[in-house]
Amino acid sequence: PASVAAPFLSVVIPVLDEARNLGALHRELSESLTRLGRPYEILFVDDGSKDGSVDFLRLFALSVPSVKVITLSRNFGKEAAVTAGFEHAAGDAVILLDADLQDPPELIPDMVAAWRAGADVVCMRRRSRAGETWFKRTSASLYYRLLNRLSRFDIPHDTGDVRLMSRRAVDALNQLPERNRYMKGLFAWIGMPTQVLLYDRESRAAGNTKWNFTALLGLAFEGITSFSTAPLRWTTLVGVLASAWGTLFGLWIVAK
Ligand code: UDP
Ligand code: MG
């Protein structure tokens, strides 16, 4: 089919208050994509920004036909923004990038090459975590160890959400009916031939991370409860033990 000769690429980018990064992002992205010489679309999903990001995005969309903008009615969180992006992406392959240039667009050609070589999913593993605190690095590593102990399939550590997915993989992902979408888990759950590329993660180009400690903790908890029945089993066990102990204690009182 024609799509094999000239595959169409979609790039999905969730955006929350990234006005200071959007100019550079758009420039670097367009350069990378133009150099690839394939037709493409860029799908920005605005996740309730309040810093004028939407105005920038509208401007891009007006001046460049390949840019599309989805605006969510409020801040729903990155997982929801990514979900909306994947649902609207039309590409034969869909690439997910952050807006802050931490995962630079220069990675795109390598991802596309790995996809053309047969991978349905190409994800990026961080060789280093520049600009992150010791606390974040240690807690992230402990968390992935725990998550993988508890869940029945491997959720790869140190691979961010940044990735390329084939149409087949995107369709599988879009079929999942989950409302609380822990993307890292869903990405891993669908399986399919996966290629991991190594890269050095940059620090944020501008602005601050949107994840404070509480938000990360919430996401971490969501991951464990969505992809493991261990917490359910533990609470059942605690319940059984408590009621057994209560019964025995009651009998003991009666006997006395
Ligand atoms: N983001 C979003 N909604 C949110 C939080 C973040 O769309 O509620 C976007 C953000 O604009 C960025 C990406 O998700 O493009 C990753 O966010 P961030 O850089 O803050 O995360 P980190 O790189 O620190 O994990
Ligand atoms: Mg970031």
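Everything that follows concerns the structure shown earlier in this document.
Counting starts from 1 at the beginning of each chain's written sequence and moves along it residue by residue. All chains are assigned letters beginning at A, and all ligands numbers beginning at 1, according to the order in which they are written. Totals for whole chains, interfaces and linings use all residues, but because this is a predicted model, local features are given only for residues with pLDDT of at least 70 and pairs of side-chain atoms are given and counted only at 80 or more. Remark: hydrogens and water are excluded; side-chain values derive from all non-hydrogen atoms of the structure.

Draft legend 1. Just the overall build of the protein, in detail. We count a stretch as a helix when DSSP gives it H or I for four or more residues in a row; a strand needs E for two or more, and each element gets its number in order from the N terminus. The number of helices and strands found in the protein is ten helices and seven strands. With respect to the three principal axes, the spread of C-alpha positions in the protein is 85 × 40 × 35 Å. Exposure is judged per residue with a 1.4 Å probe applied to protein chains only, and the accessible area is read against the type maximum: over 50% gives exposed, under 20% gives buried, and values in between give partly exposed. Counting all 256 residues of the protein, 44% fall into the buried class. Note on definitions: a residue-residue contact is assigned when non-hydrogen atoms from the two residues lie within 4.5 Å. Long-range contacts, defined as pairs at least 24 residues apart, comprise 80% of the intrachain contacts of the protein with a sequence gap of at least 6. Exposure was quantified through the Shrake-Rupley algorithm and a 1.4 Å probe, taking into account, for residues, occlusion by the shown protein chains and nothing else. When the accessible surface of the protein is split by element, carbon and sulfur atoms take 60% of a total near 13800 Å². A positive count includes Lys and Arg, and a negative count includes Asp and Glu. His and the chain ends are not counted in either. For the purpose of locating charges, the reference atoms are NZ of Lys, CZ of Arg, CG of Asp and CD of Glu. Within the protein, one finds 30 positive and 27 negative side-chain charges whose respective centroids are separated by 6 Å.

Draft legend 2. Highlighting helix α2 (residues 19-36). For a helix, the expected span equals 1.5 Å multiplied by the number of residues minus one. Its 18 residues give α2 an end-to-end C-alpha distance of 26 Å, which sits within 8% of 26 Å, the value for a rise of 1.5 Å per residue. Taken as a whole, α2 has its buried residues at Ala19, Asn21, Leu22, Leu25, His26, Leu29, Ser30, Ser32 and Leu33. Buried residues in α2 make contact with β1 (9-15), β2 (40-46), α3 (53-63), β3 (67-71) and α5 (108-116). Two residues or fewer after α2 comes Gly37, characterised by a positive phi angle close to 70°.

Draft legend 3. View of a nonpolar patch on the surface. A grouping of Trp134, Phe135, Phe213 and Leu217 is seen on the molecular surface, where their side chains present a nonpolar patch of about 510 Å² in accessible area. With respect to the helices, strands and loops of the structure, Leu217 is situated in helix α9 (residues 213-227). Patch membership requires more than 30% relative accessible area and the absence of a salt bridge. Residues of like charge join within 9 Å; the nonpolar side chains Val, Leu, Ile, Met, Phe, Trp and Tyr join within 5 Å. For salt bridges, the criterion is a side-chain nitrogen of Lys or Arg within 4 Å of an Asp or Glu carboxyl oxygen.

Draft legend 4. Summary view of the pattern of salt bridges. Taken as a whole, this structure holds six salt bridges when the rule is applied. Glu31 is the salt-bridge partner of Arg35, the closest N and O atoms lying 3.9 Å from each other. Of this pair, Arg35 and Glu31 both sit in helix α2, four residues apart, which is roughly one turn of that helix. In the salt-bridge network here, residues are joined through shared partners; they are Lys78, Asp98 and Asp161.

Draft legend 5. Summary view of the nonpolar core. Nine residue types can take part in a nonpolar core, namely buried Ala, Val, Leu, Ile, Met, Phe, Trp, Tyr and Cys, and a core is a set of them joined through side-chain atoms within 4.5 Å. Counting 34 residues, the largest nonpolar core has Phe86, Tyr143, Met165, Leu173 and Phe187 as its most contacted members. Those elements giving two or more residues to this core turn out to be β2, α4 (78-88), β4 (93-96), α6 (134-150), α7 (167-175), α8 (183-189) and α9. With five residues, the single largest contributor to this core is α6. Contacts of Met165, omitting those with residues within four sequence positions, involve Phe86, Asp92, Ala93, Val94, Asp120, Val121, Val170, Leu173, Phe187 and Ile190.

Draft legend 6. Here's a closer look at the coordination of the magnesium ion (ligand 2). Keep in mind that water is not among the atoms, so a site may look incomplete; donors are the N, O and S atoms within 2.8 Å of the metal, or 3.2 Å for Na, K and Ca. With distances of 1.9 Å, the protein atoms coordinating the magnesium ion (ligand 2) are Asp100 (OD) and Gln102 (OE1). Exposure remark for Asp100: the relative accessible area of 3% places this residue in the buried category.

Draft legend 7. Summary view of the site of ligand 1. We call a residue near a molecule or strand whenever a single non-hydrogen atom of that residue lies within 4 Å of it. Of all residues adjacent to ligand 1, which total 17 residues, the nearest are Glu18, Asp47, Asp100, Gln102 and Thr209. N or O atoms within 3.5 Å of each other form a polar contact, as long as, within protein, one can give a hydrogen and the other can take it, and as long as residues adjacent in sequence are counted only when both atoms are side-chain atoms. Contact between ligand 1 and Asp47: a nitrogen atom at 2.5 Å from a side-chain N or O atom of the residue. A distance of 2.9 Å is found between an oxygen atom of ligand 1 and a backbone nitrogen or oxygen belonging to Ala99. Its free accessible area being 530 Å², ligand 1 has 92% of it covered by the protein chains. Any residue outside Ala, Val, Leu, Ile, Met, Phe, Trp, Tyr, Cys, Pro, Asp, Glu, Lys and Arg is labelled polar, Gly included; the first ten of those are nonpolar and the last four are charged. Here the residues of the shell around ligand 1 are counted per class, giving five nonpolar, four polar and eight charged.

Draft legend 8. Representation of unusual backbone geometry in the model. With phi around 50°, Asp17 is a residue other than glycine that occupies positive phi space. Relative to the helices and strands, Asp17 is located in the loop between β1 and α2. The exposure class of Asp17 is partly exposed, given its relative accessible area of 31%. Even without glycine at this site, Leu101 takes up a positive phi of about 65°. Looking at where Leu101 falls in the secondary structure, it is placed in the loop between β4 and α5. A relative accessible area of 9% means that Leu101 is categorised as buried.

Draft legend 9. Structural context of the packing of aromatic side chains. The criterion for an aromatic pair is that two Phe, Tyr or Trp rings (for Trp, the six-membered ring) have centres within 6.5 Å, with stacked assigned to planes under 30 degrees apart, edge-to-face to planes over 60 apart and tilted to the rest. Taken as a whole, this structure holds five aromatic pairs when the rule is applied. Judged by centre distance (6.1 Å) and plane angle (40°), the rings of Phe44 and Phe60 are tilted. Linking Phe44 in strand β2 with Phe60 in helix α3, this pair joins segments that are 16 residues apart in sequence. Relative accessible area serves as the criterion here: at 0%, Phe44 is assigned to the buried category.

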